[in-house]
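Residue-level listing of the chains:
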Amino acid sequence: MYISRTLSNHARGINNRIMKFNTKVIHGGQIKEKGYGAVMPPIYQTSTYVQSEPGVHQGYEYSRTQNPTRHALENSIASLENAKYGLAFSSGLSAIDAILKLFKPGDEIISTHDLYGGSYRLFNKIYKKYGLKFIFEDLKNLEKVEKLITSKTKLVWVETPTNPMINVIDIAAISEICKKNKILLGVDNTFSTPYLQRPLDLGADIVMHSGTKYLAGHSDVIIGLIALNDEKIAENLFFIQNSSGAICGPMDAFLTLRGIKTLHVRMDRHCSNGEKVFEFLNQCKKVDKIYWPGLESHPNHLVAKRQMKKFGGMISFTFVNNMYSDVVNFTKKLKVFTLAESLGGVESLVNHPATMTHASMPKKDRERNGITESLIRLSVGIEDSIDLVNDLDKAIN
Ligand SMILES: *Cc1c(COP(=O)(O)O)cnc(C)c1O
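Residues numbered from 1 in each chain as written. Predicted model: local features only at pLDDT ≥ 70, side-chain atom pairs only at ≥ 80, totals over all residues. Heavy atoms only, no water.

Engineer: So what's going on with the overall build of the protein chain? Residues and values would help.
Structural biologist: Helix and strand counts for the protein chain come out as 15 helices and 12 strands. A globule of 397 residues ought to have a C-alpha radius of gyration of about 21 Å, and the protein chain, at 21 Å, matches this closely. By residue count, 57% of the 397 residues in the protein chain fall in the buried class. Once local pairs closer than 6 in sequence are excluded, the contacts in the protein chain between residues at least 24 apart make up 73%. Surface summary for the protein chain: the accessible area is close to 17200 Å², and the carbon and sulfur share equals 53%. Once the 49 positive and 40 negative side-chain charges of the protein chain are each reduced to a mean point, those two points are 2 Å apart. (Helix = DSSP H or I, 4+ residues; strand = E, 2+ residues; numbered from the N terminus. Rg over C-alpha atoms; globule rule 2.2 N^0.38 Å. Buried < 20%, exposed > 50% of the residue type's maximum accessible area, 1.4 Å probe, protein only. Contact = heavy atoms within 4.5 Å. Areas by Shrake-Rupley, 256 points an atom, 1.4 Å probe, with all protein chains shown as cover. Lys, Arg positive; Asp, Glu negative; His and termini not counted. Charge placed at Lys NZ, Arg CZ, Asp CG, Glu CD.)

Engineer: Any details on empty space enclosed by the protein? Residues and values, ideally.
Structural biologist: For the coordinates displayed, the defined rule picks out 2 cavities of 30 Å³ or more. Considering only enclosed or pocket space, the largest cavity measures out at about 50 Å³ in volume. Lining the largest cavity we find Pro161, Ile166, Phe191, Tyr214, Pro293, Met308, Phe311, Gly312, Gly313 and Met314. As a volume, the second largest cavity reaches approximately 30 Å³. Taken together, Ala354, Lys363, Arg366, Glu367, Ile371, Thr372 and Glu373 make up the lining of the second largest cavity. (1 Å grid on protein atoms, 1.4 Å probe; cavity = no way out; pocket = protein on both sides within 12 Å on 5 of 7 lines; lining within 4 Å. Points joined across faces, edges and corners; volume = space filled by probe spheres on them.)

Engineer: For the site of the ligand, give the residues involved together with the corresponding values.
Structural biologist: If you check the shell around the ligand, you find 14 residues, and the closest are Gly92, Asp188, Ser210, Thr212 and Lys213. Within the backbone of Gly92, an N or O atom sits 2.9 Å from an oxygen atom of the ligand. A distance of 2.6 Å separates a nitrogen atom of the ligand from a polar atom in the side chain of Asp188. Protein chains bury 94% of the 380 Å² of accessible surface belonging to the ligand in isolation. Here the ligand is seated within the second largest pocket. (Near = heavy atom within 4 Å. Polar contact = N/O pair within 3.5 Å; in protein donor to acceptor, adjacent residues only side chain to side chain. Sits in = over half its atoms within 2 Å of the grid points.)

Engineer: Residue-level account of the nonpolar core, with values.
Structural biologist: Across soluble globular proteins, nonpolar side chains show a tendency to be buried alongside one another. Counting 86 residues, the largest nonpolar core has Leu100, Val156, Trp157, Leu185, Ile226, Leu228 and Leu263 as the members making the most contacts within it. The residues touching Leu100, leaving out its near neighbours within four places in the chain, are Ile109, Leu122, Phe123, Tyr127, Leu132 and Phe134. Residues Val287, Leu295, Val327 and Leu334 belong to the second largest nonpolar core, which totals 25 residues. (Core = buried A, V, L, I, M, F, W, Y, C linked by side-chain atoms within 4.5 Å.)

Engineer: I'd like a description of the sheet that holds strand S6 (residues 206-210), backed by residues and values.
Structural biologist: Within the open sheet, the 7 strands sit side by side as S1-S7-S6-S5-S4-S2-S3. Their pairing is mixed. Among the strands making up the open sheet, the edge pair consists of strand S1 (85-89) and strand S3 (133-137). Strand-to-strand twist of the sheet, defined as the mean angle between neighbouring strand axes without regard to direction, takes the value 20°. Bridge analysis of S6 against strand S7 (residues 224-228) gives 5 bridges, and the strand direction is antiparallel. (Pairing = 2+ DSSP bridges. Axes fitted to C-alpha atoms, helices over the stretch in contact; angles between N-to-C directions.)

Engineer: For the packing of helix H3 (residues 68-80) against helix H10 (residues 250-260), give the residues involved together with the corresponding values.
Structural biologist: One way to put it is that H3 packs onto H10 with a least axis distance of 8 Å and a crossing angle of 35°. You can see that H3 and H10 cross each other, and the crossing is left-handed. Mapping the contact onto sequence places Thr69, Arg70, Ala72, Leu73, Ser76 and Leu80 in H3 and Pro250, Ala253, Phe254, Thr256, Leu257 and Ile260 in H10. (Left-handed = near helix turned anticlockwise from the far one by under 90°.)

Engineer: Which residues make up helix H7 (residues 171-180), and what values do they have?
Structural biologist: A turn of α-helix holds 3.6 residues, and therefore any two residues three or four places apart point the same way. The set of residues buried in H7 consists of Ile171, Ala173, Ile174, Ser175, Ile177 and Cys178. Buried positions along H7 lie against helix H6 (142-148), strand S4 (153-159), strand S5 (184-188) and helix H12 (301-307). With a side-chain oxygen lying 3.4 Å from the backbone nitrogen of Ala172, the N-terminal cap of H7 falls on Asp170. The first or second residue beyond H7 is Lys182, which carries a positive phi of 55°.

Engineer: Give a description of the pattern of salt bridges that names residues and reports values.
Structural biologist: Enumeration according to the criterion identifies 13 salt bridges in this entry. Here Arg198 makes a salt bridge to Asp201, at a shortest N to O gap of 3.7 Å. Taking the relative accessible area as the measure of exposure, Asp201 reaches 41% and is therefore partly exposed. Sharing partners across several salt bridges, the network here consists of Lys104, Asp107 and Lys154. (Salt bridge = Lys/Arg side-chain N within 4 Å of Asp/Glu carboxyl O.)

Engineer: So what's going on with the layout of surface pockets? Residues and values would help.
Structural biologist: For the largest pocket, the calculated volume is near 880 Å³. Ile31, Lys32, Glu33, Pro42 and Tyr44 are, among the 30 residues lining the largest pocket, the residues nearest its centre. Taken together, the elements giving at least two residues each to the lining of the largest pocket come down to helix H2 (21-27) and H3. Broken down by element, the residue count for the lining of the largest pocket peaks at 5 residues, all from H3. Looking at the lining of the largest pocket, its residues break down into 14 nonpolar, 12 polar and 4 charged. Of the volumes computed, that of the second largest pocket is approximately 290 Å³. If you go around the second largest pocket, you meet 23 residues; those closest to its centre are Gly92, Tyr116, Ser210, Thr212 and Lys213. Listing elements by their share of the lining of the second largest pocket, those giving two or more residues are helix H4 (92-100) and S6. By residue number, the principal contributor to the lining of the second largest pocket is H4, which donates 3 residues. Here the lining of the second largest pocket is built from residues that sort into 9 nonpolar, 10 polar and 4 charged. (Nonpolar A, V, L, I, M, F, W, Y, C, P; charged D, E, K, R; others polar.)

Engineer: I'd like to hear about the environment of Lys276, residue by residue, with values.
Structural biologist: Along the chain, Lys276 turns up in helix H11 (residues 263-282). The class of Lys276 is partly exposed, set by a relative accessible area of 42%. In this structure, the C-alpha to C-alpha distance between Lys276 and Leu388, residues 112 residues apart in sequence, is 9.0 Å. For Lys276, the residues in contact, after removing those within four places along its chain, are Ser385 and Val389.

Put into structure tokens, the structure is as follows:
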């Protein structure tokens, strides 16, 4: 009973197909505040709501279950991903955690092999012991995916572009395989954002974001988001969200909504700065490999061109000779790029996956995936591209 009430509270897909994306980032799924005419959704910093009679209320009873600021954000992500339902969580990982709780011991999940280190840790160190089976594979190889599917396979989990190797997976092609075998397809869309790529339109069943990154966009909040169309799975996820309770607070929901309002403008700049940084790295003698979907020799450049609007601001590269000491010298000399984990904020960041974001991945798995000693991952921000290129130039040369 209570679950469907939760669902009916959601302004499902408001104006979804009418507005253009750049308008939806500002208005998508938003309801005008009637109390005082506030233009921004207020931060409803409350745990509970008055009832006029026992059980009679205005759709909100307790903030773990429903909160108006969170709803505004949940409707926003639903609108941006062309979805019927949106859900917001306390972090990207708690959003993935909720998705994993849809499954039961014995179920098998096939996942991209070079995925976000925290997702890898959640799969292998937490959920494996509850009986879920994970198979990590290079999902660029579609024949391999088909071969891995058994009667127990329930989910294919894809990150694209992947972290940190910037591999691109063909969402539409994997979705066809999943549909044929009646398996769900989930996509971690953190690196692309719905501005560059909308997985549900390409056939995925569930899309998830670490809103911490590009969506909130200012490195000041940890938040997770899910969007989907299937009513039954949505009901299950709302049930899990309320039962496990990993919801985001109203202030974090507000900050993320505020960030989303400039998503399109920021992404355009992340992408054009990314292009300039690529052009610089590409002529640098000390740089060995470059991983960026816009590179014509990137193994899935054509897939990226088809499924992404632009190529994004995430670029990884290695140094000639593959020496860790080069990494240390490089990161010490940078003045504009900041050495820090995370990505997707307005400021440019540099990360060394082997010792930072992917340190929790066993060395042999890291090496198999190409995460070498000198692999560097750049999150290109929206500063002036001349300063970014000069900074890299001074630190490398
Ligand atoms: C950061 C990140 C996550 C985890 O999100 P948190 O908000 O840090 O919990 C998951 N997937 C990707 C691709 C990420 O970059």
